[in-house]
Amino acid sequence: DTGVSQNPRHKITKRGQNVTFRCDPISEHNRLYWYRQTLGQGPEFLTYFQNEAQLEKSRLLSDRFSAERPKGSFSTLEIQRTEQGDSAMYLCASSARLAGDEQFFGPGTRLTVL
Amino acid sequence: SQKIEQNSEALNIQEGKTATLTCNYTNYSPAYLQWYRQDPGRGPVFLLLIRENEKEKRKERLKVTFDTTLKQSLFHITASQPADSATYLCALDEGNTGFQKLVFGTGTRLLVSP
């Protein structure tokens, strides 16, 4: 399967714990996006990478959230000191060109914070 | 404020009929608009993109219109099938960011009955 993959698919954690998610984009895609989606809502933009550079972060991304894409390939999203409000689906997407091109989404990581 | 609105109520139709979904936006001037399909527990899948200078676009049983005066896009599925049951999301580029920063509507759930 050469699509976008995300791991883990599900994560249950206790409030206050740290969690890390991984995204492997389509190999030739240099653009990578993270979104968060809650029930009944559309995906909300969190952050954008072009190659290894993080070029944009949403104000939704508090100081507890950090994302990296160290070699311009896979990316990780870490949430420190998780809160119940962090419970959501975290989606990763990648694309190859700048404007107008489709984004290819992964299956998402569903986070539940108890 | 900027808003993208889709009918939050589910649309129930019978197999074979045409489904029409609406996407309205305010305080955006998008160069293009995209439609995605999302199945439960999965990431969105790109369907169609329509540019501001295009009135209509078709792909197999799908048709999208884009009226920049009304600030509205309509998404049609002709000869609908139960397999078309899913949530359909519209998305547009927030603009002025230098990259494709998509803003999604809340999505409309379509249920096609046999």
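Our structure's up above, just so we're on the same page.
This report concerns the structure included in the present document. Note that the coordinates shown come from a computational prediction; the quantities given were computed from them, not determined experimentally.

Quick notes on the overall build of chain A
Next up, step 1: Per the secondary structure count, chain A includes zero helices and eleven strands.
Next up, step 2: For a compact globule of 114 residues, the expected C-alpha radius of gyration is about 13 Å, and chain A comes in at 13 Å, within 12% of that figure.
Next up, step 3: The buried share of chain A, reckoned over its 114 residues, is 46%.
Next up, step 4: Nonlocal contacts in chain A, meaning residues at least 24 apart in sequence, comprise 53% of its contacts between residues at least 6 apart.
Next up, step 5: Accessible area for chain A stands at about 5,800 Å²; split by element, carbon and sulfur atoms hold 44% of it.
Next up, step 6: Between the centroid of the 15 positive side chains of chain A and the centroid of its 13 negative side chains there is a distance of 6 Å.

A look at the sheet that holds strand β3 (residues 19–26) of chain B
Residue and element names in this part refer to chain B.
Next up, step 1: On the basis of which strands lie adjacent, the open sheet formed by five strands has the order β1-β3-β8-β7-β6 and antiparallel pairing. The open sheet terminates on both sides in strands that have one partner only, identified here as β1 (3–6) and β6 (56–59). Within the sheet, the average angular offset between the axes of one strand and its neighbour, ignoring direction, is 15°.
Next up, step 2: Here β1 pairs with β3 via four bridges, running antiparallel. Across the sheet, I4 pairs through a bridge with Y25, a residue of β3.

What to know about the interface of chain B and chain A
Next up, step 1: Opposite the 20 residues of chain B that make contact, chain A presents 22 residues.
Next up, step 2: In total, about 1,700 Å² of surface goes out of reach between chain B and chain A, with carbon and sulfur atoms giving 56% of it.
Next up, step 3: Across the chain B-chain A interface, the total number found is one salt bridge.
Next up, step 4: When the shortest N-O distance is used, the salt bridge between A:E56 and B:K101 registers 3.1 Å.

Structural notes on the pattern of salt bridges
Residues and elements named next belong to chain B.
Next up, step 1: Inspection of the entire model under this criterion finds eleven salt bridges over all chains.
Next up, step 2: The partner of K3 in a salt bridge is E5, with the nearest N and O atoms 3.5 Å apart.
Next up, step 3: Residue classification places E5 among the partly exposed residues on the basis of a relative accessible area of 41%.
Next up, step 4: The salt bridge involving R61 is made with D84; its shortest N-O contact spans 3.0 Å. With R61 in the loop between β6 and β7 (62–67) and D84 in the loop between β8 (72–77) and β9 (86–93), this pair connects stretches of sequence that are 23 residues apart.
Next up, step 5: For R61, a relative accessible area of 26% corresponds to the partly exposed category.

Conventions adopted
- Residues numbered from 1 in each chain as written.
- Chains lettered and ligands numbered in written order.
- Predicted model: local features only at pLDDT ≥ 70, side-chain atom pairs only at ≥ 80, totals over all residues.
- Heavy atoms only, no water.
- Helix = DSSP H or I, 4+ residues; strand = E, 2+ residues; numbered from the N terminus.
- Rg over C-alpha atoms; globule rule 2.2 N^0.38 Å.
- Buried < 20%, exposed > 50% of the residue type's maximum accessible area, 1.4 Å probe, protein only.
- Contact = heavy atoms within 4.5 Å.
- Areas by Shrake-Rupley, 256 points an atom, 1.4 Å probe, with all protein chains shown as cover.
- Lys, Arg positive; Asp, Glu negative; His and termini not counted.
- Charge placed at Lys NZ, Arg CZ, Asp CG, Glu CD.
- Pairing = 2+ DSSP bridges.
- Axes fitted to C-alpha atoms, helices over the stretch in contact; angles between N-to-C directions.
- Buried area = accessible area lost by both parts, 1.4 Å probe.
- Salt bridge = Lys/Arg side-chain N within 4 Å of Asp/Glu carboxyl O.

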